[in-house]
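# Geometric and topological summary
For reference, the chains in residue letters:
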Amino acid sequence: MSLERDEHLSSIESIQSGLESLNYISNLQIATAVFLAYRLDKPVLIEGPPGVGKTELAKSVANMLELECIRLQCYEGLDESKAIYEWKYGKQLLYTQVLKETLGEILEGATGLTESVAKLHEFGDVFFSEEFLEPRPLLKALKEEKGCVLLIDEVDKSDHEFESLLLEMLSDYQLSIPEIGTIKANPKRKPLVFLTSNNTREISDALKRRCLHLYIPFPDADLESQIVHARVPEVPAELRRQLVTFIQELRTLDLKKVPAISETIDWAKTLILLHTESLDADMVKQTLNVILKFQEDIETVEGEVQMLTNKALKAQ
Amino acid sequence: MEKTLVDFVKVLRTAEVKVSPAETLDAMTALKVVGYEDRVLFKNTLSMLLSKNPEEKETFESCFEKFFTFDDVMPANEDATSDSEPDDQFEDERSDSNASGQPGGKGSGQGGGQGNASGESTEEDDQDMPSPTSALGQLLLQGSRSDLMIKMAEAGRAVEVNQIVVFTQKGLYTRKIMDQMGLKALQDEITELQNDTGAGERRLAGKLKRARDQLRDQVRDYVEKQFFLHADEHGKQLREELLKKVKLSNLEKRNFKDVQEIVFKMAKKLVSIHSKRRKTYKRGHLDLRKTLRKNMQYDGVFFDLKWKAVKVDRPKVMCICDVSGSVSNYSRFLLMFLYSLAEIIPKVRSFAFSSDLGEVTQLFRNSNLEDAMAKTMRDYGNGSTDYGQMLLDFRRTCMDDVDNKTTIIILGDARNNYGDPKAEIVREMYEKAKRVIWLNPEPRSNWQVGDAEMKKYAPNCHQTEVCNSLTHLERVVSNLLKFTA
């Protein structure tokens, strides 16, 4: 198991080919980031426009290494009780009840308050112990003996406080629980951490400092064509080239939301379903809503469809 | 290499990529893993560790290309240096003089061109040409171009070319680097050879001379690049520092663009500092865990409830700006500042007046600053200042909207042309609003001279400040955020 993991991560090329076999086409930067993350034990902060495969990368890496991918989806209001751990209150309450009933037995023979308290101390304190601990994603990731891939998704959606909560985890791979102490990850198999951000707000410098920073931009035509090929192999080469060219052209327009890779893939699937052999303006118009998600964008593009389609057809 | 990396980090910092020492250390560890051989890998690694947002990545890109600029050497020579080096030595041993053809033979772009031509035609004669004795001469004629570049970089470091500040220093540094590389010995040798009678010596002298002139061009080029790398940003910083302190009314129009940039930068800083302010709010989900722990001390009886939801408290700001001639520039920048802060203070209402008060909130929100400012000036800018009228207008139109969360900022010199100051309205504001801040661009000593009414207004404000430069503005806004949040 461990050998296998190291093998996959031994060089940048092996990472690239490993990911490719899982239909994730990476570029050199992406592979380098994964490589460094593993060699330096550093988390990777992935930024980029939505739909370029940030989350997918973490999942693919987990898949490649055959490790569990523990995912923590961030949102406003996320706090430690949902991210790190929570006490099992019900059981704790029951425990106190039980304790109350057996109190007489424990204190048997004790005279005076001091002695009773001493006796109580002797009695092990399990109220705050791992027995009553409900681990949440972060803690779970640390406790995973075989190592795992921890995906902290859309970290920019969480609150500032939560970011500071992550710092200990990210720099030292440990978490402190006040009642119990510090829990550390298996030093030989630290979790591989990926954070993704959509840049809705600036991530704090403290967090950034601890991470490798990977920016995934929109892919160029070649890479995108490869990705479409990997994801939707049914698309004939000619159509693939056309639709990739079309999308690439579309990205140069002034749009509210430019189509990402995921939209390209969706579109490719749509075109296959419609048995399209080659792009034509009408077909494009009908399926525009797959790649553009705002009515005003669709209206802007509709006028240009003929021109764009011609361009895409000519590009062969 | 570590020194080079540190230098590079320094360059990045001057280019406003924030690189912490810890990140530099990380980069060093990372480089131990990936090595220096593969340029692309090297660059990707550094980019990942040192630049942490898209803008920084862009800056990083250009800095990297400028800093590690062996492009005129590398592409042509990369293979040549690695695999012809041993070969090089062989030849040197075999026939010293033959080596003079080598710089050209290695196909170095600019430098070796003519050396090559002459080298080949005189191949036979070279046999009787002596080899140069000075270190630099040997390097010029025999060493590879990358050796030369390395030597140049070393010399550059020795004379601290990265300290270059203004472009007039270019000549000085070129000279210094040449000296450091051993120009003097070379010169002496050339003179000596020229005085010699032997044909071989003469030819060598000519060759050395040509090589020296080429070298000078290269060094000049190198210094130029260093200048762009180090001084350009440095100069910009100096200018910014200066602009921050200069009186806003003295700013010239051509500086406005720079100032605007600075304002945005300052605003961004303030946003990142203050956007974190939140306070717990008594509503929403019950925080069972906190409640349990808190109430443990009361024997588990729940009477101190804790709530989960937090509420972000955004300040409400009303900003009243005097836009009459003397103060308009200050108002411009205050408004610029406030609107750059839209992210953390979304509820800014702004008013402009010289005599009559008018709300310009929508104007500033919808059009860009220049247009909005121009329109404001046109609509409200003329007429003599009348603070009394302004205050009356304010009371009539929006005193009702003032509540205990509102901060009112008044920017003006309080010169009322001897009219009725109506200070009681300011008093009313004082009682209703959370804070009333008066910003006055004039120095404190002038606050009571002539028709200035600060004496009557000041006691009715929570805070009065002199405010006539960007630094002042920043301080005021920062304070504002601290108190209101």
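Small disclaimer: the values here were computed from a predicted structure and weren't measured.

Before going further, it helps to examine the overall build of chain A. When helices and strands are tallied, chain A shows 16 helices and nine strands. Taking all 316 residues of chain A together, the buried fraction comes to 35%. Considering only contacts in chain A between residues 6 or more positions apart, those separated by 24 or more positions represent 77%.

The helix and strand tally for chain B stands at 21 helices and eight strands. Buried positions account for 35% of the 485 residues belonging to chain B. When contacts within chain B are restricted to residue pairs at least 6 apart in sequence, long-range pairs at least 24 apart make up 72% of them.

With that out of the way, let us pick up the interface of chain A and chain B. On the side of chain B, 22 residues touch chain A, which itself brings 20 residues to the contact. Breaking the side of chain A that touches chain B down by element, the ones donating at least two residues are α3 (28-40), β3 (85-87), α10 (205-209) and β9 (212-215) of chain A. Per element, the largest residue contribution to the side of chain A that touches chain B is seven residues, and it comes from α3 of chain A. Of the residues in the side of chain A that touches chain B, the class split is nine nonpolar, five polar and six charged.

Our next topic: the pairing of strand β2 (residues 69-73) of chain A. Residues and elements named next belong to chain A. Along β2, the buried face is formed by I70 and L72; none of C69, R71 and Q73, which line the opposite face, is buried. Here five bridges tie β2 to strand β5 (residues 149-153), and the two strands are oriented parallel to one another. Looking across to β5, one finds that I70 is bridged to L150.

Below, the discussion takes up the packing of helix α1 (residues 2-14) of chain B against helix α4 (residues 54-67) of chain B. Residues and elements named next belong to chain B. Close contact between α1 and α4 brings their axes to 10 Å; oriented N to C, the two are set at 135°. Here α4 runs oblique to α1, going by the angle between their axes. Where α1 crosses over α4, the two elements pack in a sense that is right-handed. In this structure, α1 contributes F8, V11 and L12 to the contact, and α4 contributes F60, C63 and F67. Grouping the amino acids of the contact of α1 with α4 by side-chain chemistry returns six nonpolar, no polar and no charged.

With that out of the way, let us pick up unusual backbone geometry. Residues and elements named next belong to chain A. Positive phi, close to 50°, is recorded for Y173, a residue that is not glycine. Here Y173 lies in the loop between α9 (160-172) and β6 (174-177). Overall, the presence of 20 C-beta atoms within 10 Å leaves Y173 in the buried class.

With that settled, the discussion passes to the sheet that holds strand β3 (residues 316-322) of chain B. All names here are of chain B. Within the open sheet, the six strands sit side by side as β5-β4-β3-β6-β7-β8. Their pairing is mixed. The sheet is open, and its two borders are formed by β5 (357-359) and β8 (463-466), each paired with just one other strand. Across the sheet, the axes of successive neighbouring strands diverge by a mean angle of 20°, strand direction being ignored.

Residues and elements named next belong to chain A. Looking at the secondary structure, you find L151 in strand β5. The buried category is assigned to L151, around which 26 C-beta atoms lie within 10 Å. Along the primary structure L151 and L195 are separated by 44 residues, whereas in three dimensions their C-alpha atoms are 5.9 Å apart. Apart from the residues within four sequence positions on either side, L151 is in contact with T55, A58, C69, I70, R71, L72 and F194.

With that settled, the discussion passes to helix α2 (residues 12-21) of chain A. All names here are of chain A. Looking at α2, one finds that the buried residues are I12, I15, Q16, G18 and L19. Take α2 and look down its axis: the buried residues cluster within an arc of 165°, on one side only. For α2, the exposed residues set more than 90 degrees away from the buried face come down to E13 and S21. Positive phi shows up at N23, right after α2, with a value of about 65°.

This next bit is on helix α11 (residues 183-195) of chain B. Residues and elements named next belong to chain B. With 13 residues, α11 ought to run about 18 Å at 1.5 Å a step, and its terminal C-alpha atoms sit 18 Å apart, in line with that. For α11, the complete set of buried residues consists of L183, L186, I190 and L193. Across the axial projection of α11, the buried residues extend over an arc of 95°, all falling on one side. Residues K184, D188, T191 and N195 are exposed on α11 and point more than 90 degrees away from its buried face.

Core analysis: the largest hydrophobic core is formed by 96 residues, its most contacted members being V149, L212 and L214 of chain A together with L12 of chain B. The element that contributes the greatest number of residues to this core is α3 of chain A, accounting for eight residues. Other than its neighbours up to four places away in sequence, V149 of chain A contacts A58, V61, A62, L65, L67, C69, P191, L192 and F194 of chain A. Counting residues in each nonpolar core, the second largest holds 55 residues, with Y339, F353, A433 and C467 of chain B among its members.

All names here are of chain A. Ordered by their spatial adjacency, five strands build an open sheet running β2-β5-β8-β1-β9, and the pairing between neighbours is parallel. Pairing within the sheet leaves two strands with one partner each, and these edge strands are β2 and β9. For this sheet the average axis-to-axis angle between neighbouring strands, irrespective of direction, equals 20°. Looking at chain direction, strand β1 (residues 44-47) and strand β8 (residues 192-197) are connected through four bridges and run parallel. Looking across to β8, one finds that L45 is bridged to L195.

So, on to the confidence of the model for chain B. All names here are of chain B. Confidence in the prediction for chain B averages 73 pLDDT; 76% of positions are at 70 or higher. Within the model, pLDDT remains below 50 along residues 277-281, and this stretch shows 14 contacts once partners closer than five positions in the same chain are excluded. Interface scoring of the predicted complex returns ipTM 0.80; its pTM is 0.63.

Glancing now at the environment of F246 of chain A. All names here are of chain A. Positionally, F246 belongs in helix α12 (residues 237-252). Look at F246 and you get buried, because 22 C-beta atoms sit within 10 Å. Note: C-alpha distance between F246 and N310 (64 residues apart in sequence) is 9.2 Å. Contacts of F246, omitting those with residues within four sequence positions, involve L279, L308, T309 and A312.

Further remarks concern the environment of M169 of chain A. All names here are of chain A. Residue placement: M169 occurs in helix α9. The class for M169 is buried, based on 24 C-beta atoms found within 10 Å. For the pair formed by M169 and P43, sequence separation is 126 residues and the distance between their alpha carbons is 9.8 Å. Look past the residues within four positions of M169 in its chain and what remains in contact with it is L138 and L175.

Residue and element names in this part refer to chain A. Where α12 contacts helix α16 (residues 305-314), the axes come no closer than 8 Å and their chain directions differ by 135°. It follows that α12 is oblique to α16 by the angle criterion. Seen from above, α12 lies across α16 with right-handed handedness. On α16, the residues touching Q242, T245, F246, E249 and L250 of α12 are L308, T309, K311, A312 and L313.

Attention shifts here to the pairing of β5 of chain A. Residue and element names in this part refer to chain A. With respect to burial, β5 is a largely interior element, five of its five residues being buried. Two strands pair when backbone bridges link them, and β5 and β8 are joined in this way by four bridges, in the parallel orientation. Considered in β8, the bridge of L150 is made with V193.

Parameters and conventions
Residues numbered from 1 in each chain as written. Chains lettered and ligands numbered in written order. Predicted model: local features only at pLDDT ≥ 70, side-chain atom pairs only at ≥ 80, totals over all residues. Helix = DSSP H or I, 4+ residues; strand = E, 2+ residues; numbered from the N terminus. Buried ≥ 20, exposed ≤ 12 C-beta atoms within 10 Å, placed from the backbone. Contact = placed C-beta atoms within 7 Å. Nonpolar A, V, L, I, M, F, W, Y, C, P; charged D, E, K, R; others polar. Pairing = 2+ DSSP bridges. Axes fitted to C-alpha atoms, helices over the stretch in contact; angles between N-to-C directions. Parallel < 35°, antiparallel > 145°, perpendicular 65-115°, else oblique. Left-handed = near helix turned anticlockwise from the far one by under 90°. Arc of directions from axis to C-beta. Expected span 1.5 Å × (residues − 1). Core = buried A, V, L, I, M, F, W, Y, C linked by C-beta atoms within 7 Å. pLDDT = per-residue confidence, 0-100.

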